[in-house]
Amino acid sequence: MRLRNVRGSKDVIASCPFVVQEPESCRGRWAEIFGNENPIHIEVGMGKGRFIIDMAKLHPEINYIGIEKYSSVLVRAIEKQTIEQLPNLVFIRMDAEAIENVFEKDEVAYIYLNFSDPWPKDRHARRRLTSVQFLNRYVNFLAADGGLTFKTDNRPLFDFSLEQVELAGWEMVNYTFDLHHSEYAEGNVMTEYEEKFSAMGNPICRMVIKPPKKK
Ligand code: SAM
């Protein structure tokens, strides 16, 4: 993603009621933060927030948490949520490397990874959000009956992710190399990147996976 430094974004984030400022202090207390026991779904690397905002509107019975590393991107999601005022959506500005510190065992019911950064160099493979290292992190807080959906138009990243899923012992529920022309197309909620890349003619790959069975 091309990043523009958005002036004042850090101040906007610091004073925004939809941004959780000290997410580690919410570990095990997310139901309290939302004021209900509804399931929690997260999007890691949500960008400007189109997908998670549309999901939160469609599913008021689910609580959503959008995680984004960069302030200059997060402010765009904040602008939208300031208009929408959805009570079931909050944001965290953080690098997901530390995501295990934010959620307690079984606290998250579902994870979305949409058009995650590819980190094309081999030596950066562990930074990919679908690497074994990240999949192992998610196991620490994803409910045993939970799941994860990953979408991308980047075929090398998708092929890498298929291998990592197997290595990390996750269960493949289904996958497709062309979501928009597949049996799974109906009900698909588009992300900003998905709209852009599918308009360019790129097929969208998608997988749905489940965490390893706990022994
Ligand atoms: N999910 C959005 C979509 O599909 O339109 C945005 C996709 S964009 C290519 C990837 C986003 O993930 C960027 O905004 C980037 O800053 C964020 N990101 C990448 N690595 C991250 C990490 N380790 N922790 C949090 N956010 C991350």
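Residues numbered from 1 in each chain as written. Predicted model: local features only at pLDDT ≥ 70, side-chain atom pairs only at ≥ 80, totals over all residues. Heavy atoms only, no water.

A word on unusual backbone geometry
Phi at glutamine 85 is positive, roughly 55 degrees, even though this residue is not glycine. Position of glutamine 85 among the secondary structure elements: in the loop between helix H4 (71-84) and strand S3 (89-93). (Helix = DSSP H or I, 4+ residues; strand = E, 2+ residues; numbered from the N terminus.)

Overview of the packing of helix H3 (residues 50-58) against H4
Following both chains from N to C, one finds H3 and H4 inclined at 20 degrees, their axes separated by 10 Å at the closest point. Classified by the angle between their axes, H3 and H4 sit roughly parallel to one another. H4 is crossed by H3, and the crossing has right-handed handedness. Judged by residue contacts, Arg50, Ile53 and Lys57 of H3 engage Ala77, Lys80, Gln81 and Glu84 from H4. Looking at side-chain class alone, the contact of H3 with H4 contains two nonpolar, one polar and four charged residues. (Axes fitted to C-alpha atoms, helices over the stretch in contact; angles between N-to-C directions. Parallel < 35°, antiparallel > 145°, perpendicular 65-115°, else oblique. Left-handed = near helix turned anticlockwise from the far one by under 90°. Contact = heavy atoms within 4.5 Å. Nonpolar A, V, L, I, M, F, W, Y, C, P; charged D, E, K, R; others polar.)

As for the packing of aromatic side chains
The geometry of two aromatic rings is summed up by the distance between their centres and the angle between their planes. Summed over the entire model, instances satisfying the criterion amount to eleven aromatic pairs. Measuring from centroid to centroid gives 5.6 Å for tyrosine 193 and phenylalanine 197, while their planes differ by 55 degrees, and the two rings are tilted. A residue pair is termed a helical-turn pair when its members lie 3 or 4 positions apart in one helix, as tyrosine 193 and phenylalanine 197 do in helix H7 (residues 192-199) at four residues. Cluster of aromatic residues (ring-pair linked, three or more members): Trp30, Phe103, Phe134, Tyr138 and Phe141. Across from the ring centre of phenylalanine 160, 4.4 Å away, lies the NZ or CZ of arginine 128, which sits over that ring. If you follow arginine 155 out to its NZ or CZ, it ends over the ring of phenylalanine 177, 3.7 Å from the centre. (Phe/Tyr/Trp six-rings, centres within 6.5 Å; stacked < 30°, edge-to-face > 60°. Lys NZ or Arg CZ within 6 Å of the ring centre and 35° of its normal.)

Here's the deal with the side chain of threonine 191
With respect to the secondary-structure elements, threonine 191 resides in the loop between strand S6 (171-176) and H7. Residue threonine 191 is classed as buried on the basis of its relative accessible area, which comes to 5%. Engagement of the side chain of threonine 191 in a polar contact is seen with the backbone nitrogen of tyrosine 193, the distance being 3.3 Å. (Buried < 20%, exposed > 50% of the residue type's maximum accessible area, 1.4 Å probe, protein only. Polar contact = N/O pair within 3.5 Å; in protein donor to acceptor, adjacent residues only side chain to side chain.)

Description of the environment of proline 39
Position of proline 39 among the secondary structure elements: in the loop between helix H2 (30-34) and strand S1 (40-44). Placed 70 residues apart in sequence, proline 39 and alanine 109 show a C-alpha to C-alpha distance of 5.9 Å. Leave out the neighbours within four places in its chain, and proline 39 touches Glu61, Ile62, Asn63 and Ala109.

A word on the pattern of salt bridges
Within the structure shown, the criterion is met by eleven salt bridges. Of the charged contacts, one joins glutamate 32 and arginine 29 as a salt bridge, the two residues approaching to 2.8 Å between their closest N and O atoms. Classification of glutamate 32 as exposed rests on a relative accessible area of 55%. Between arginine 76 and glutamate 79 there is a salt bridge; the shortest N-O distance is 2.8 Å. Here the residue arginine 76 and the residue glutamate 79 both occupy positions in helix H4, the gap between them amounting to three residues, near one helical turn. The partly exposed category is assigned to arginine 76, whose relative accessible area is 31%. (Salt bridge = Lys/Arg side-chain N within 4 Å of Asp/Glu carboxyl O.)

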